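# Architecture and fold: a report
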Amino acid sequence: MYLGRNEQSHREGDKLMSNPEQHKAVYREEAHELLAELETSLLELEEKPDDAELIGRIFRAMHTIKGSGAMFGFDDIAAFTHEVETVFDMVRNGLLPVTKELIDLTLSSRDYIKTLLDEPDSADKQKAGEIINSLKKLTPKTLMPDEAKNSPAFPSPKGNESGTSVTYRIRFRPPIDIFTRGINPILLINELYNLGECSITAQTDAIPRIVDIDPESCYTYWDIVLTTDLGVNAIKDVFIFIEDDSEINITVLNDSTTSETEARHKKIGEILLERGDLTEKDIKNALRKQKPVGEFLINAGMVDAGKIESALAEQKHVKEIKQREQPADTASSIRVASDKLDSLVNLVGEMVTVQARLSQLSAFRNDPALLSVAEEVERLTGELRDQTMSIRMLPIGTTFSKFKRLVRDLSKELGKQIDMTTEGAETELDKTVIEKLNDPMVHLIRNCIDHGIETPGIRSAVGKPAQGMVQLSARHSGAYVLIEIMDDGAGLDADAIRAKAVEKGMIPPDSELTEKEIYSLILAPGFSTAKKVTNVSGRGVGMDVVKRTIDNLRGSIGITSQKGTGTTITLKLPLTLAIIEGLLVQIGKEYFVLPLSAVEECVELTREDIANAHGRHLANVRGQIVPYIRLREQFMIIGRQPDIEQIVIVGVEGHRVGFVVDNVVGEHQTVIKTLGRVYKDIEGISGATILGDGTVALILDIQKLVQTAEQEEVVK
Amino acid sequence: MIDIKAEESDNNTTLSIGGELTVQNASALQGIFIRSLESSSNLTINLEGVTDIDLSFLQLLCSAHRTSTDLKKNLTLSGACSEVFRDVVRSAGFLRRTGCANDRNKKCIWAEMNKATEKETN
């Protein structure tokens, strides 16, 4: 059994039983998730130090990391986490307050566990010792549990400590002299109510007659049925003070991994009925004469009624829990390795290509039967594509919460007070996009904190609240997701940027630039206005890398800023990288695809228009002047252009730019294929796709083409 | 502190027990039960004035009831009892549907209490 995430992951695991390495991989994956959860919860706890549920979550995460770590041979992790867990157990029991120091230490512990997980060889044992010592210093001496009594650093046999509920049967017989030890057994068993759903039956059969009873002895014992997701150790913890002198039997009745058929045996009547040996009426008649087995056993003097009582309570309890679990089952999820998903997406891509071919062929054959089949296939393929894409979508919230830690640590390091808020964490993006987004986002947030937000002193001086603000937000906008990183810091200094750009020879001193153009200079390679290079940012290698990454994701960066009030950086990213809606165009015998989301309209370009423009590449579209790029020239395609050409007008960074092509073929489902390493530096082409008849069409990188054309224009 | 009042008429005794029915007072309470069971054959126990109670008293009640059955006497709880008493009986898991093997007259005090509570909730 693994970390008890869900049933499916157990099943998945069963197949891997034979290979310990795969086992470890599963553990690593889940441990990473738990560590992420730990981090988020800790940061939340810092804001809400009294939240018992959060403390519980943190404790459970650590408990699971520890327990499963020991199972799969990560002994270092188990031992280290055990120490931290012990401290958090005290927090959980209200013996230790949540302080900033505690959270700092726990966060460092979390980082250390991560190191142990990723690069165990580079783990610094001394650092671990320091963390543990500091943690121990936080705890009052008297509270440290006796080492020998410590709950062992390995999990219970079931190890089922996170999330899934297990029903336990507990028999608790306290020592006869429990009263004289000053312990109230009722309070003790009442603690079990806090662990989960609980049925308690007192067994009184040992109580003697009034003349024989020692009124200060305990004759009662209890049968308890408890359903909890906290694991057997939590139950043992309740009885920890008297476990040596008490009889405590804990057995697992069922956990959610027991399937329905295992959990329930058929009754004899049911079997006979199934075989046709009896009719339902026969059984009913027979049953009417029969007493319930419990009553029968009591009458026969075979068991004490109290035992039956507790058995009935158990039956009822289990039934109730079962009923409640039913709806939860339907919402279950399944864990799948991401490369399986990738190959599924690839297959769907192939499918879309083949379907395009089928549609083309059937249109050519003009066979009605074939046409209808082709249409059906087209519809299904479309659905399949959408479904597959949606599987790859992940909410961006996980990335956001990672940044919370970054903001916290950086602001501490730089002596600034910063509050980070997030919005639209549920916005979904393709998994690959999210992964690739991490580094640019880190850089942008660092910039906000380092350059953007001022120190509390300066902020107060200019009349802003001492605490700065960074807001991350994400939202859908058509086929794109917009991610905004907004701060209320000093804003960009347009004059400083301009001066720097002139100094670096990036722009001529007399050039006239709009504010927006000036801001975009900071994205150029080798640009940094920070007077001092700090540990955090300012080496001038950042923003251009950010830009390149976002470009590679077919996204764009927008910057708006107001000096003194703050900066907003907007990343515009495509929803998915694998398949896009494209506009297929033709030049000579070559085919090209433009991303349809950027296309605004298509207009004709006649020879007359060209003559009217006096050699400049400008078209008059309803009175508006639109510059255009001749793709035929751009790609040096030989052959004669048709008399009437087409301009595909696209929107690039707020401008309208035309691309002149021979012919617009139409909309095309474009499965994006990368061009391979040899062609990766080619500018203006972002990939390729395979058309229905097998020919290759190149996908145009509109932004790059426009930029290149602009630069050429400047040179002229 | 415990506080005891006994009303006797013929063979019926109503014993009102109040205060802290905890292990500190358990010996005294045992004595009271023994004497009451000796002197009367119908014993009604009123627990309206209970302010604190622990397991020791629940055991004494159970024991007294068993003894009354052996002696062919009646021991019942009066319908009125304090919330504290009810709470402890419930949370200690004493409420039950049928009496134990000793309960030959089907008069188990816990089962009777359970019936009363079920009636209330219905």
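If you're wondering where the values come from, they're calculated on a predicted model, not measured in any experiment.

### Topic: the overall build of chain B
The secondary structure content of chain B amounts to four helices and five strands. If you list the helices and strands of chain B from N to C, you get β-β-α-β-β-α-β-α-α. Within the span of chain B, comprising 122 residues, buried residues form 40% of the whole. At a minimum sequence separation of 6, the contacts of chain B that also span at least 24 residues come to 72%.

### A short note on the overall build of chain A
A tally of helices and strands in chain A yields 24 helices and 21 strands. Across the 716 residues in chain A, those meeting the buried criterion constitute 33%. Sequence-distant contacts in chain A: of pairs separated by 6 or more residues, those separated by 24 or more amount to 69%.

### Quick notes on helix α3 (residues 52-71) of chain A
Structurally, the α-helix is built with 3.6 residues per turn, so residues lying three or four positions apart point the same way. If you check α3 of chain A, its first and last C-alpha atoms are 28 Å apart, about what 20 residues at 1.5 Å a residue would give, namely 28 Å. Of all 20 residues in α3 of chain A, 15 are buried; the element is thus mostly enclosed.

### Some words on the nonpolar core
Residues Ile224 and Leu226 of chain A together with Phe57, Leu58, Leu60, Val89 and Ala92 of chain B are the most contacted members of the largest nonpolar core, which totals 62 residues. Filtering out sequence-adjacent residues up to four positions away, Leu226 of chain A remains in contact with Tyr168, Ile170, Leu192, Leu195, Gly196, Cys198 and Ile235 of chain A.

### So, the interface of chain B and chain A
Across the boundary between the two partners, chain B contributes 30 residues, which contact 26 residues of chain A. Among the secondary structure elements, those contributing two or more residues to the side of chain B that touches chain A are α1 (26-39), α2 (55-70) and α3 (83-91) of chain B. Considering every element that reaches the side of chain B that touches chain A, the biggest residue donor is α2 of chain B, with ten residues. Its residues assigned to classes, the side of chain B that touches chain A comprises 15 nonpolar, ten polar and five charged.

### Focus on the sheet that holds strand β8 (residues 468-477) of chain A
All names here are of chain A. A sheet is described by the order of its strands in space; here five strands give the open sequence β6-β8-β9-β11-β10, paired in mixed fashion. Looking along the sheet, the strands with just one partner apiece sit at the ends: β6 (418-423) and β10 (556-562). Between one strand axis and the next, the sheet turns through 15° on average, direction left out of account. Looking at chain direction, β10 and strand β11 (residues 566-574) are connected through seven bridges and run antiparallel. Bridged to Ile557 within β11 is Leu571.

### Brief notes about helix α4 (residues 75-92) of chain A
Residues and elements named next belong to chain A. Counted at 1.5 Å a residue, the expected span for α4 with its 18 residues is 26 Å, and the 24 Å between its end C-alpha atoms agrees. Of all the residues in α4, the buried ones are Ile77, Ala78, Phe80, Thr81, His82, Val84, Glu85, Thr86, Val87, Phe88, Asp89 and Val91. Considering only its buried residues, α4 is in contact with α3, α5 (100-118) and α6 (125-138). The positive-phi residue at the C-terminal boundary of α4 is Gly94, with phi of around 75°.

### Here we look at the environment of Cys198 of chain A
Residue and element names in this part refer to chain A. Note on placement: Cys198 falls in strand β2 (residues 197-203). By the C-beta count within 10 Å, which is 21 here, Cys198 ends up buried. Expressed as a C-alpha distance, the spacing of Cys198 and Thr228, which sit 30 residues apart in the sequence, is 8.5 Å. Those residues in contact with Cys198, other than ones at most four positions away along the chain, are Leu192, Tyr193, Ile224 and Leu226.

### Some thoughts on the confidence of the model for chain B
When pLDDT is low, close inspection of the predicted coordinates is not appropriate. All names here are of chain B. In the predicted model, chain B carries a mean pLDDT of 85, and the fraction of residues at 70 or more is 98%. Taking the mean pLDDT of every element in chain B, the minimum, 80, falls on helix α4 (residues 109-121) and the maximum, 90, on α2. Interface confidence for the predicted complex, given as ipTM, is 0.92, next to a pTM of 0.47.

### Comments concerning the packing of α4 of chain A against α5 of chain A
Residues and elements named next belong to chain A. Between α4 and α5, the shortest axis-to-axis distance is 10 Å and the interhelical angle comes to 170°. By the angle class used here, α4 and α5 are roughly antiparallel. Contact residues: Asp76, Ile77, Phe80, Thr81 and Val84 in α4; Thr106, Ser109, Tyr112, Ile113, Leu116 and Leu117 in α5. Grouping the constituent residues of the contact of α4 with α5 by class yields seven nonpolar, three polar and one charged.

### Some points on the sheet that holds strand β17 (residues 645-652) of chain A
Residues and elements named next belong to chain A. One open sheet holds the five strands; their spatial order is β14-β17-β18-β16-β15, and the pairing between them is mixed. In this open sheet, the two strands that pair with only one neighbour each are β14 (599-605) and β15 (618-621). The mean angle between the axes of side-by-side strands here comes to 35°, regardless of whether they run parallel or antiparallel. As defined by bridge partners, β17 adjoins strand β18 (residues 655-661) across seven bridges and the pair is classed as antiparallel. From the neighbouring strand, Val648 faces β18, where its bridge partner is Phe659. In this fold helix α24 (residues 702-715) packs onto β16 (624-630), β17 and β18, with an angle of close to 100° to the strand it touches most, β17.

About the criteria used
- Within any chain, residue numbers begin from 1 and follow the written order of that chain's sequence.
- Going through the entries in the order they are written, you letter the chains from A and number the ligands from 1.
- Whole-chain, interface and lining totals are the exception, using all residues; otherwise, since this is a predicted model, local features are given only for residues with pLDDT of at least 70 and side-chain atom pairs are given and counted only at 80 or more.
- In this description a helix means any DSSP run of H or I spanning at least four residues, a strand means any run of E spanning at least two, and both kinds are numbered starting from the N terminus.
- Burial is judged by counting the other C-beta atoms within 10 Å of a residue's own C-beta: 20 or more makes it buried, 12 or fewer makes it exposed, and any count in between marks it as partly exposed, with every C-beta position built from the backbone.
- What counts as a contact here is a pair of residues whose C-beta atoms, placed from the backbone, lie within 7 Å.
- One less than the number of residues in a helix, times 1.5 Å, gives the span that helix is expected to have.
- By definition, a nonpolar core groups buried Ala, Val, Leu, Ile, Met, Phe, Trp, Tyr and Cys residues that are joined through C-beta atoms within 7 Å.
- Put simply, Ala, Val, Leu, Ile, Met, Phe, Trp, Tyr, Cys and Pro go in the nonpolar bin, Asp, Glu, Lys and Arg in the charged bin, and everything else, Gly too, in the polar bin.
- Being paired, for any two strands, means DSSP has found at least two bridges between them.
- Axis lines are fitted to C-alpha atoms, over the contacting stretch for helices. Their N-to-C directions set the angle, which ranges from 0 to 180 degrees.
- Confidence of the predictor at the level of single residues is captured by pLDDT, which takes values from 0 to 100.
- Note on terminology: angles under 35 degrees are roughly parallel, angles over 145 are roughly antiparallel, angles of 65 to 115 are roughly perpendicular, and the others are oblique.

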